[in-house]
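Observations on the three-dimensional arrangement
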Amino acid sequence: MGQTHYKLIYAGDIVPGFERDDVWNNLQTLLGADNTTMDQLFSGQLVVLRKNLTTDQIRPYKQAMENAGAVCRVLPVDNESPAEDNIQSQPPQASACRLLSRLGRVRFVAQLWAVALLALAGWYLPESIMPQLSQHVPGLELWHLVTGLLSLAGALMLIASIRRLHDINSKGWISLLLFVPGVNCLLLLWLLFAPGSADSNRFGPQPRAAGVIAQLLGLWLPLLAIIAAGTYGALNHEEMLQLGLELLDMIDWSEYMPSSVGM
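Rules used throughout
- Residues numbered from 1 in each chain as written.
- Predicted model: local features only at pLDDT ≥ 70, side-chain atom pairs only at ≥ 80, totals over all residues.
- Heavy atoms only, no water.
- Helix = DSSP H or I, 4+ residues; strand = E, 2+ residues; numbered from the N terminus.
- Contact = heavy atoms within 4.5 Å.
- pLDDT = per-residue confidence, 0-100.
- Pairing = 2+ DSSP bridges.

The subject of this paragraph is the environment of Asn35. Tracing the backbone through its elements, the reader meets Asn35 in helix α2 (residues 35–41). For Asn35, the residues in contact, after removing those within four places along its chain, are Trp24 and Gln28.

This is the structure we're talking about:
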């Protein structure tokens, strides 16, 4: 028997969490279709997008459509329906590159470690290496190096946050809240604990599983740190309590008390 061939059918259905206008724009860009063709796609009738493809050939097209927010069906070619229409358009670009693809929780935490190490390097490393660098790069000042390293750490943090938001099926501009004091802590907690979409969403398919290094940095290292901190606090609770009392004694509470007004 010959290999079975399939066709890709669309009837205007939308992936949950997407808006119709967003799916319309995504498909118009993906298919290179005009408004007439788009009206046909969202008419509610069955529309054949691709046909006579094998399972391996049709899978990336279906994935590209789902990434754009469109729910498609794959049927054997010999399964004909009188309600089906064929459209003439460019095929979906199944291999479209997404720079800001989705990022899972474990990999996100692992990248936070890299950001933290880079930020620490920006604060402490330049002073130790500056004398050696200034010999080879005249005019290089300490603040140049500090600003460069901290800017790189900030950019990596922003990119990781955008990718994590995409995994939650949220828009990346929310990451700008990281620059708002107080709100950034709440946003970071949300990014750390919010589960990602269980399936493909408008920003792409599920992120690949975390590797050994990502699991070590993003899962086991934080878990071990929490266990170590809890164990140390339990074994030295009296010292910790005494330290807390000493810190309270160091605070000049008179500065925070309202001054009495003489009568």
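Confidence in the prediction of the chain, expressed as mean pLDDT, is 75, and 68% of residues score 70 or more. Here strand β4 (residues 85–86) stands out as the least confident element of the chain, with mean pLDDT 50; helix α6 (residues 183–193) is the most confident, with 89. pLDDT under 50 marks residues 88–97. Its contacts with residues more than four places away, or in other chains, come to 16 contacts.

With four bridges joining them, strand β1 (residues 6–14) and strand β2 (residues 47–53) adopt antiparallel strand pairing. For Tyr10, the partnering residue across the bridge sits in β2 and is Val47. Alignment of β1 against strand β3 (residues 70–76), held across six bridges, turns out to be antiparallel. The partner of Leu8 across the bridge, within β3, is Val74.

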